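Tertiary structure, described
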Amino acid sequence: MPTVDKSLYEAFAPRQLSANILAPGNNETLADGNRTVIGSLASIRNEALVHIARRNLEDSSNQPPSKDLNQTIAIVKTVDAIPPTRAVFVNEAYGVFAALQAAVHAAMDSRTGGFGRAGGTSGHRRHMLGFDNSRGMDMSSGSGGRTQIKRAVLRASQEYRERIVAQFQQVESPNTPETFHENEVLRTAHSALQLLDLVHLKSDLPNEDDALPWDHVQPDYSAWLSAHYMEPRDEEFIPFKNSANQREHPLYWRFVYQTLLRGHLLTVVSILKIHPDYRAYCLEQLSRRSNTDTLVVRIIELVETMPIPSRFASQLQFEEQWALWKEDVERTKATASRHAATSRDSDEFDRMLSVLNGDERAIKQVANDWREAVSGLIIYVHPALKRHEVAELLSRVNVEVDPDSVKELVELSIIEGNFQRAIRYCSKQDWWLVSHLADLLHHIGALDSDNLIGSLSGMTGKRRSQPSQHAPQQQQQREWYLLGYAQDLVSDPAHWRIGLEYIAACCYSTTSATSASASCREVLDATVTRIPFDDSERKFKKLVAFARRHNLDSARKELHRTYARRKLAAGRIGEALEHYAEARDAPQVARIVDSLLDARAATMPVVDVEAGATEESFTASPSLSTAAWRDIAARVSPAAAEWHPRLALLVRYEQFYALYADPSPPSPAAAAAQLVRIINASFGTAAASGTDDITHRLLPKRLIITLLFDALPLLLRQSSGKDDTCLFGVAATNDLMRCLEDVTASHRSREYVGAWAASKTSNDGVGGGGGGGSGGRGSGGSEAVTDTAIEGVLAQLAVVRAALTKNLARAYILRIP
Amino acid sequence: MVATAAHGLDYCEYRSTPHPVQIRLAPSPTNLFAASLHFIPSSLSLHTLTCLDTLSHAAHKEATFSSSVLASTPFYARPTAIAWANATVLLAAAANGVSAYKIHPDGEPQQSTEDEPELNPVFEHIGVHAPLGKGVALNAIDVHGLEIAAAGDDGRVAIARINGQLVRVMGGLDTSRIAALQWRGANELVTASSSGQLTLMDTRQSGPGLRLSDQAHAPTPLNCLTIHPSQNDKLATGDANGVVGIWDLRNMSEAAVERLNVHSGDVWDVKFHPDYPGKIISCSEDGSICIARWSSDGIDSNPSWEPTSGLVRYQSRLHPLGFNSIDVHAEANVLVAAGDGGAIVIHQLD
C-alpha cells in the first residue's frame, strides 16, 4: 500500500455547499436588498435548512428575517456520515456481518440443543441476524461450539478484509481529503483485522488443514508486516536496486538486515550473492585456485539451511532441527574472527551471525522499528512462538510510536490484547471499524462485560417512564457501538434498510430478554417509525414487513396510521380504511365508516310527503359513490369485521344493499331479514338490553334514520300489493318502531335528525370535519342545517311511522310473529 | 468487472445505487442488456451482462458472468416501473408520467448529470407524457405493440400510444391500489390490486371490468402478476404473505387459485420461464429467489401442492436482504435479479 500525502488536507479548502435555491452569481432575487438567504443547521443528519427570507430594510433591530411564504426550502447535507464512495463496501460488509450472526446463531443453537430462549422465541430465529449475550459470549459451555464460533468469526474477519481490499482499490490514489481519509481508514481497518486474526482469532483454533498440525505465529506475522509496512521502504530502495555497484550503496546493509529480520531469506541470499566477497569466492572456484571457505558463503549456507517451522510436521521435529542449526550458527560465529582480516565487511557479517544466533541486542540494533524487531525476535529467538505470546515481545523491544498515527496505536493495542484501547483509537477514525471490531470481539468473548449507559435518542423517555424495570437501562458495548453505526446508516437515505438490520441485530438475546436487548428494541421501535416513506409504496411495505418480522407491533401500527393519513388526504378512502384497520385505529375507522354510510344516505331519494311515497320513488340507479362504498365494504376482511363493530355494520349493510338492489324474489325478503339483523345487532332489543357488546350501542343515531328509510320501500312493497307476504313480522316491526321512537321521542331528536340531514346534504365526504363516535358529527351538523330541513326529515319519518303501523297491523292479521 | 461467487447463485455483485426497484432484460435474442430502475437516488441504469466462459460452464456446470453499467441517467420524479417497448425503446413510469428513452448501447458510456441529462448518448430521452394528468403518480406499466397501459395511484388505468396520444382512461372505481398490470392480448388487461383481487378489463368496453378473487382464502394484497407465455388464461401472482398464486381465468365466477407457499415475506416479482413455463420464478423480501415446478394441469389434478417437491431456493449467504425484481432471458436461459443494497444477481438456469 503506497503512502499518502498529508499535504492534501492543506491543499484543499473546505467543501463548498450549494443549496441550489438560487443560481450562482449576482442574483436579481437578492439584488433589490429586501431578500436574503438564511439557514439553520440541524444537528440530526448533518443537514442545514436553507431558504430565502424577507428582510425589512428599515428595521435596524436584530430580529431575524421573516420567512417568505413563497420560498423554496432546500436541505443541504453538510457531512455525509457514510461517503457515497463507500456504498458498495457498506452493503457488502453487511452481508458478511449478517452471515456471521447467522453462523454464530447456528453454533449456539447446536451447542445448546436449541436456543433456549424464554417465551418460545425459536420462531424468531429465522428473522434474527444477530444476537447478544448479557455477559458477552459464554465461552465455557462447550469447546465445540466455541471453536465453531471462533472459526465463524475468523472467516468473517477474512471476508471483511477481502472487501476492504476491494474498496481500497477504488481509493488507492487519494486526491481529495475525503479519499485520503478513506484510504487511511481502510489501512487501519485491514491492519487491525489482520492482527486480530493472527494474534487472537487463530490462537487455540484447531487447524482444519492436516498438513499444519502445530501452530506458530511466524508466517502470519511476516505476512502482516509485508502487507502493511513493506512498500514505503521498498520505494526507498529503488535507487539502490538500480545502482550499478549495489554493495557500495549506503543502503546495501540496511536492505540486508531488513529482509533478514522480515524473514525474506531468498532475498537475503540473492543480495548476499552480489557481495564482492561472494563474487571473489566464485571466481576462485572457477579457477580452482583454492578451496578456502569465506564468511559470506557460510552465512549464505546458514540462511539457506535455516529450518522453517511450517515445513515440519511437529514442533518437536522442528526444535530438534533448530537446535542443530543453531549449533552451526554458533560454530560459524565462533570462527568468524578468523575471517576478520579477509573481508572489509567482517563486522556486518558478524552482526548478521548475531542476528541468526538470536542475539536480541543485535536484532534491536538493526531493526528500523518495533515491528521489525518483533519480527526478528520471532524468527531468530522464538521461532515456535505461539500467537498469544507476541504481546510479551513488545516489552523486549523499543516501542516508539507516532502519537498521531491511529493505525499504529490500534495495532499495538490489539497485539497487547487491550481491546478497549483499540476501540477508543479506532473511534477517532471510523465508526464502521469500531462497531464491527466490537462485534467480532464480543463473539469471541474478548470484549469486557462493562456496560454502557444508553444515551441514544429515543431511549431517555422510556427509561424515565419505566424506572422500576431496568433502571438505569444499560447497553452492552457491542450493542452500543452497533447502534451508533446504525444511526449513521439510518440517517442516510441510501442505507436505511441495513441500518435497521444492524439495530435489529442488537435486539435478540441468546438467553433471555435482557435489559440490553429491551433497550435496543426501544431504539428499533422508535427508529422504524421515523424512516420517511419518500412517497413510495414499496418502501412503506418494506418497513411494515420489517416491523412484522421483528414483532414491532406498535411501530407497525404507527406506520399504517401514517400511511392511512396520507391516503385519506389523497382521497383514497378505501386504502385509508384498510390501513387504519391495520393500525387498529378504532376512532378513525368509525369515522370513515360513518362517512361512507353518510355517503350512502346522501344518495337516498327524498320521499315526497305531499305526493305520498311509493316503492318506485326509491329505485335509483347506483351512483359513483354507491359503487365506491360498496367496493370498500366488500373488501373488509372477516378479521377486521370481527374487530370493529362499525366495520361489521358496513359489511352487513353492504350485504343488505346487494339484496335490496335486486328486486327479484326472494331478495326483498332476504333484504328485510338482513335489515332486521342489522337493527337487532346494532340498535335492537339485544343491543338495547345490554346483552350485546356495548360498542354496538355507541353507533350514531343518524344511521338508524338511514336504516329506517332503507326499510321504507320494503314496507311499501307490501302495501302496494306487489307481495302478498309480509316482509316484516310483529317482532321485527316492533324493533323498527323502537328504533324510530329512539330517534323521534328523544329530547335530542332534532339533533339526530339534523345530523342525518347534514350528512345527506354535505358533499365533503370523508375528508370533512366532525369527530367519530356517537353524535359527534351530528351535533356539529345539526347546527348547519335549517329548521326546514329538519322538519322535512321529521315529516319523512312520519311516513315511515305510518308504514310501520300499517305493517304491524298486517303482521298481526297474517299472524306473522 | 470480475464476478464474485455467491452462495447458491452464480454471480452477485453490489452496485453503488443501493435501491433497485425493478430490473428488466431487453427483448433482444442476442444481447444481454438489462435496465434497472433505482429509487435512491432516482436513476435509470443500463447494464450489459456477459457470460465470460460458456465452455467452462458446459464442462463444470458453472458459469462466470460479468456485468457492467453502460450508462445511468438521473430521474426527476419517484420512479416506479419500467418496461421495454422493443429492443431499443425503454419506458419508465414515475410520479410525473411515462418517460420514453431510445437506447443506444453503442453510445460512448458516460454518466449524465442533472445539468445535462440530454447529452447522455446511451439514454436518448424521446418524450414524457402524463396519461392520467399531472399529479397522478403511476404505479405500474406494460406495453403491447404500440400501446402503453399505465395504472395510476388513483385506481385508474390509462391506455396511450407510445407517441403520447391518450387512447382512453378506464376504471377509477377501484378503491384499492393497483399494484401490477399486464396486457392479455391486444384488447384485454389484467390488474392485480392491494385488495387481493384481479380485474380483467376489456379495453373496448367501459365499466370497471370483471373482478376475480380467491374465494377460499382471506384476501391478501397482491404485489405482482405475470401471464403464462402460451396459455393466457393462466396467470401467476405474488402476494404479501409470500404466496405465489396461480389463477385460472377460464372460470371467473369460481376463482380457482393454486397456492404455492414458497416465501416467508412479500413476493415482489414473479415470472413464468418463457421457454419452460412449468417453472415459476419468484423473488421475495425474505432474500430468496425460488423456482417452483408447476404443471398447467395442476389446478385440476393436484390441488394440494407439496411445497417441498420441485422447489429450488436460491439464497446468497452474503446478500440477506430482499430481492425486488427478477427477469429471465429466454435464449440465454439466464436469470437476473436486483435486490436491496444494490445487489445485481445473474444466474445460469438449468
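Preceding this paragraph is the structure being described.
Reading the values: the criteria
- Residues numbered from 1 in each chain as written.
- Chains lettered and ligands numbered in written order.
- Predicted model: local features only at pLDDT ≥ 70, side-chain atom pairs only at ≥ 80, totals over all residues.
- Heavy atoms only, no water.
- Helix = DSSP H or I, 4+ residues; strand = E, 2+ residues; numbered from the N terminus.
- Buried < 20%, exposed > 50% of the residue type's maximum accessible area, 1.4 Å probe, protein only.
- Contact = heavy atoms within 4.5 Å.
- Areas by Shrake-Rupley, 256 points an atom, 1.4 Å probe, with all protein chains shown as cover.
- Pairing = 2+ DSSP bridges.
- Axes fitted to C-alpha atoms, helices over the stretch in contact; angles between N-to-C directions.
- Parallel < 35°, antiparallel > 145°, perpendicular 65-115°, else oblique.
- Left-handed = near helix turned anticlockwise from the far one by under 90°.
- Nonpolar A, V, L, I, M, F, W, Y, C, P; charged D, E, K, R; others polar.
- Salt bridge = Lys/Arg side-chain N within 4 Å of Asp/Glu carboxyl O.
- Buried area = accessible area lost by both parts, 1.4 Å probe.
- Polar contact = N/O pair within 3.5 Å; in protein donor to acceptor, adjacent residues only side chain to side chain.
- Phe/Tyr/Trp six-rings, centres within 6.5 Å; stacked < 30°, edge-to-face > 60°.
- Lys NZ or Arg CZ within 6 Å of the ring centre and 35° of its normal.

1. Some remarks on the overall build of chain B
Within chain B, the secondary structure is distributed over two helices and 28 strands. Residues classed as buried in chain B amount to 60% of the 350 residues present. A sequence separation of at least 24 residues applies to 51% of the contacts in chain B between residues at least 6 apart. Only carbon and sulfur atoms are counted for the fraction: they give 49% of the accessible area of chain B, which is about 13,100 Å².

2. Quick look at the overall build of chain A
Each helix and strand counted, chain A has 38 helices and six strands in total. Taken over 817 residues, chain A has a buried fraction of 51%. Summarising the internal contacts of chain A: among those between residues at least 6 apart in sequence, 68% fall at separations of at least 24. For chain A, the accessible area works out to roughly 36,400 Å², and carbon and sulfur atoms hold 51% of it.

3. What to know about the sheet that holds strand 28 (residues 343–348) of chain B
Residue and element names in this part refer to chain B. With antiparallel pairing, four strands are arranged side by side in an open sheet as 1-28-27-26. Lying at the two open borders of the sheet, with one neighbouring strand each, are strand 1 (11–14) and strand 26 (323–329). Going from strand to strand, the sheet's axes swing by 15° on average, the running direction of each strand aside. As paired strands, strand 26 and strand 27 (residues 334–339) are joined by six bridges and run antiparallel to one another. By the bridge assignment, Asp 327 is partnered in strand 27 with Val 336.

4. Some remarks on the packing of helix 6 (residues 218–229) of chain A against helix 16 (residues 370–381) of chain A
All names here are of chain A. Where helix 6 meets helix 16, the closest approach of the two axes is 10 Å, and the angle between their N-to-C directions is 155°. Comparing their axes, helix 16 and helix 6 come out roughly antiparallel. For the pair helix 6 and helix 16, the crossing hand works out as left-handed. Contacts from Gln 218, Tyr 221, Ser 222, Trp 224, Leu 225 and Tyr 229 in helix 6 reach Trp 370, Arg 371, Glu 372, Val 374, Ser 375, Ile 378 and Ile 379 in helix 16. Classifying every residue of the contact of helix 6 with helix 16 by side-chain character gives eight nonpolar, three polar and two charged.

5. Description of the sheet that holds strand 12 (residues 156–161) of chain B
Residue and element names in this part refer to chain B. Spatially, the four strands line up as an open sheet ordered 10-11-12-13, and their pairing is antiparallel. The sheet is open, and its two edges are formed by strand 10 (138–144) and strand 13 (166–171), each paired on a single side. Neighbour-to-neighbour, the strand axes of this sheet turn through a mean angle of 20°, independent of strand direction. Sheet analysis places strand 10 next to strand 11 (residues 147–152), joined by six bridges and oriented antiparallel. Paired with Ile 141 across the strands is Ala 150, a residue of strand 11.

6. Here's the deal with helix 23 (residues 496–505) of chain A
Since the α-helix packs 3.6 residues into each turn, any two residues three or four apart lie on the same face. In terms of burial, helix 23 of chain A is largely enclosed, as 10 of its 10 residues are buried. Among the residues making up helix 23 of chain A, those that are buried are Trp496(A), Arg497(A), Ile498(A), Gly499(A), Leu500(A), Glu501(A), Tyr502(A), Ile503(A), Ala504(A) and Ala505(A).

7. As for the pattern of salt bridges
For the structure on display, the rule yields 52 salt bridges over all chains. With a shortest N-O distance of 3.5 Å, Asp340(B) and Arg497(A) are connected by a salt bridge. Of the two residues, Asp340(B) is situated in the loop between strand 27 and strand 28 and Arg497(A) in helix 23; the pairing between them involves two chains. Arg497(A) gets classed as buried once you look at its relative accessible area, which sits at 3%. Two residues, Arg250(B) and Asp233(B), come together in a salt bridge whose shortest N-O distance is 3.7 Å. Taken together, the residues Arg250(B) in the loop between strand 20 (243–248) and strand 21 (257–261) and Asp233(B) in the loop between strand 18 (222–227) and strand 19 (234–239) connect sequence positions 17 residues apart. We classify Asp233(B) as buried; its relative accessible area is 17%. One continuous salt-bridge network, built from bridges that share partners, spans Arg497(A), Glu501(A), Lys542(A), Arg549(A), Glu285(B) and Asp340(B).

8. Side note on the environment of Ala641(A)
All names here are of chain A. Inspection of the secondary structure puts Ala 641 in helix 30 (residues 638–643). When the C-alpha atoms of Ala 641 and Leu 727 are compared, they prove to be 27 Å apart, with 86 residues separating the residues in sequence. Discounting residues that sit within four places of it in the chain, Ala 641 has contacts with Val 636, Leu 647, Ala 648 and Val 651.

9. Quick notes on the interface of chain A and chain B
On the side of chain B, 33 residues touch chain A, which itself brings 40 residues to the contact. Summing both sides of the interface, chain A and chain B together bury roughly 3,200 Å²; the carbon and sulfur share of this comes to 54%. Together, Arg538(A), Lys541(A) and Arg572(A) form the three largest contributors to the area buried by chain A at its contact with chain B, with a combined 19%. Our count for the contact surface shared by chain A and chain B stands at six salt bridges. Taken together, the connections running from chain A to chain B amount to 13 residue pairs in polar contact (both at pLDDT 80 or more). Ranked by residue count, the leading element in the side of chain A that touches chain B is helix 3 (residues 87–112) of chain A, at nine residues. When its residues are assigned to classes, the side of chain A that touches chain B shows 15 nonpolar, five polar and 20 charged.

10. Section: the environment of Ser45(B)
Residues and elements named next belong to chain B. If you trace the backbone, Ser 45 turns up in strand 4 (residues 43–51). Ser 45 sits 90 residues away from Gly 135 along the chain, and the two C-alpha atoms are 25 Å apart. With residues near it in sequence (within four places) discarded, Ser 45 still touches Ala 34, Ala 35, Ser 36, His 38, Val 69, Ala 71, Ser 72 and Phe 123. Among the polar contacts made by the side chain of Ser 45, one reaches the side chain of Ser 72 at a distance of 2.8 Å.

11. Comments concerning the packing of aromatic side chains
Residues and elements named next belong to chain A. Applying the stated criterion to the full structure yields 23 aromatic pairs over all chains. Residues Phe 312 and Phe 318 carry aromatic rings whose centres are separated by 5.6 Å and whose planes lie at 65° to one another, so their mutual orientation is edge-to-face. Exposure class is identical for Phe 312 and Phe 318. Each is buried. Through pairs of rings, three or more aromatic residues link up here, namely Tyr 94, Phe 97, Tyr 485 and Tyr 502. The positively charged end of Arg 424 is found above the aromatic ring belonging to Tyr 425, 5.1 Å away from the centroid.

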